[in-house]
Every structure is written in C-alpha cells, then in structure tokens.
Amino acid sequence: AQKVTQAQTEISVVEKEDVTLDCVYETRDTTYYLFWYKQPPSGELVFLIRRNSFDEQNEISGRYSWNFQKSTSSFNFTITASQVVDSAVYFCALSARDSTLTFGKGTMLLVSP
Amino acid sequence: DGGITQSPKYLFRKEGQNVTLSCEQNLNHDAMYWYRQDPGQGLRLIYYSQIVNDFQKGDIAEGYSVSREKKESFPLTVTSAQKNPTAFYLCASSARDGSYEQYFGPGTRLTVT
C-alpha cells in the first residue's frame, strides 16, 4: 500500500524566514511521480511541482526549491524568504499505477508579518 | 478559459436527504476524481473515472454514488447512508498522458444538519 507522511501538522514562521516542509513516502512501485500542491484559504488546490522517480535533481523555482532523495524516500519543499502570501496548507502526493494520487495530511504554514 | 467548475460553493441539507454535487470540466480530460477533505485528514479519494461510462471506488466510497455519462461531467451523490457527510468536497481531472497531474476545482462545502 502507498503512504505519504507529512509529519509537520503546522508551522509558524515570521516573514523572510526560510522554511522546509517535509514529505516521506512509501511505495513498491519503481516508477512513480511525486507532487506538491498548495491550498490557500479559498480552498482550491494549486499545483506546484511534479517529479518523476528517475529524476533526483533538485529543482528551484524562484523562492521555492525541492529536494528529492530516493535513498530516504523523501521529497522536501523549501520556501526561501517566506512571505505572508505563502500562508496556506501544503500537500505532498504520490502517484499510483491507476493514475490516482495518495495525499499526505498536509502541513499548514502560517507566515506572520 | 479552461478549468473545472463545482457548484454550488456552499450547500446545506437536512439529514436523511440525498444531495448531488456538480463537477464540470472543459479541459478535455479523460479522468475525473472526487475527494473528501476533513480537517487534519488531508484528501481522501471517494470515486474516480478514467473513461466515460466507467468508474471505480476509491478509499471511502461507502455512502456515495457517481455517474459518468459525459466526458465533461462527473456528479457525486451523497446519499443518506453516508454517516458523516459534512465535509469539503473537491473534484479533479487529469489527462491520460502519463503525467498524473490533477487539476482541481474550487470545491463544495457541504453541511448536513
């Protein structure tokens, strides 16, 4: 069975601090995709990134960066110089062969001014 | 603009009544999904459909039913058999191109009293 664990339920930081959201996954598949989604207070999930299991290169997009380590089954997400607009719930997800996604329980990030 | 629409955003029903949540997409996606979100629980898959006239149960299908008569539409009925129907319901769709990326609608918050 697949599983995604986001151990951090809630994180509070002050604006301009860096913050890392952890994601650990379990799967028996050799080919899979990992995702991060952002859910602002409005409720709609916004896609942030997709990473396939064969690509362990770290990725940076502006203030966002992702660290994928297959050896530890982790796919962590770092926000550099956080801003109030980053306040949201962030979900990590793992694909299955039938195209479904298994989501973690989410990490609520609160960035205060 | 292409996207997924869910209506209404807020829905109130009395206990014992069936209620149908609407989900429409104009992204020409083959696959569609319904998730339920409860506080602190992340997203849990209710039903999914990979092609018209076919659908599969997800992890928490009991008390729910769906239909997929058109590619664009995937309505979810919350029946009176669902013991705890009050929740936030999210619909998503994806292309069958191997990307597994799911696009989400704005969600419907259902309250049953």
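Our subject is the structure that appears above.
Residues numbered from 1 in each chain as written. Chains lettered and ligands numbered in written order. Predicted model: local features only at pLDDT ≥ 70, side-chain atom pairs only at ≥ 80, totals over all residues. Heavy atoms only, no water.

Colleague: Tell me about the pattern of salt bridges, and please be specific about residues and values.
Modeller: Charged atoms that come close allow side chains of opposite charge to pair. Residue and element names in this part refer to chain A. Evaluated as defined, the whole model comprises eight salt bridges over all chains. One salt bridge in this structure joins Glu59 and Arg51, with 2.7 Å as the shortest N-O distance. Using a relative accessible area of 32% as the deciding quantity, one classes Glu59 as partly exposed. For Asp86, the salt bridge identified is with Arg63, shortest N-O distance 2.8 Å. (Salt bridge = Lys/Arg side-chain N within 4 Å of Asp/Glu carboxyl O. Buried < 20%, exposed > 50% of the residue type's maximum accessible area, 1.4 Å probe, protein only.)

Colleague: Before we move on, can you summarise the state of the cysteines with the specific residues and values?
Modeller: Evaluated as defined, the whole model comprises two disulfides over all chains. Each sulfur in the disulfide pair A:Cys23 and A:Cys92 lies 2.0 Å from the other. Between A:Cys23 and A:Cys92 the sulfur-sulfur dihedral comes to about -65°; the bridge is accordingly left-handed. In this pair, A:Cys23 is assigned in the loop between strand S3 (19–21) and strand S4 (24–26) and A:Cys92 in strand S10 (residues 88–95), connecting sequence segments 69 residues apart. Overall, the relative accessible area of 0% leaves A:Cys92 in the buried class. Between the sulfur atoms of B:Cys23 and its disulfide mate B:Cys91 the distance is 1.8 Å. Where B:Cys23 bonds to B:Cys91 through sulfur, the torsion about that S-S bond is close to -70°, and the disulfide is left-handed. Of this pair, B:Cys23 sits in strand S3 (residues 19–25) while B:Cys91 is found in strand S9 (residues 87–94), placing the two residues 68 residues apart along the sequence. (Disulfide = S-S within 2.5 Å. Helix = DSSP H or I, 4+ residues; strand = E, 2+ residues; numbered from the N terminus.)

Colleague: Lay out the sheet that holds strand S8 (residues 76–78) of chain B in plain terms, naming residues and giving numbers.
Modeller: All names here are of chain B. Read across the sheet, four strands follow the order S1-S3-S8-S7 without closing on themselves; strand pairing throughout is antiparallel. This sheet does not close on itself; its edge strands, each paired only once, are strand S1 (4–7) and strand S7 (64–66). Across the sheet, the axes of successive neighbouring strands diverge by a mean angle of 20°, strand direction being ignored. Judged from the three bridges that link them, S3 and S8 form a sheet pairing that is antiparallel. Residue pairing in the sheet places Val19 in a bridge with Val78 of S8. (Pairing = 2+ DSSP bridges. Axes fitted to C-alpha atoms, helices over the stretch in contact; angles between N-to-C directions.)

Colleague: Quick one: what's the story with the interface of chain A and chain B, residue by residue and with numbers?
Modeller: Taken together, the contact pairs 21 residues of chain A with 21 residues of chain B. Of the roughly 1,700 Å² buried between chain A and chain B on both sides combined, carbon and sulfur atoms contribute 53%. When residues of chain A are sorted by the area they lose upon contact with chain B, A:Ser99, A:Phe103 and A:Lys105 head the list and together hold 26% of the total. Inspection of the region where chain A meets chain B yields one salt bridge. The salt bridge involving B:Glu101 is made with A:Arg50; its shortest N-O contact spans 3.9 Å. For the pair chain A and chain B, the interface holds eight residue pairs in polar contact (both at pLDDT 80 or more). (Contact = heavy atoms within 4.5 Å. Buried area = accessible area lost by both parts, 1.4 Å probe. Polar contact = N/O pair within 3.5 Å; in protein donor to acceptor, adjacent residues only side chain to side chain.)

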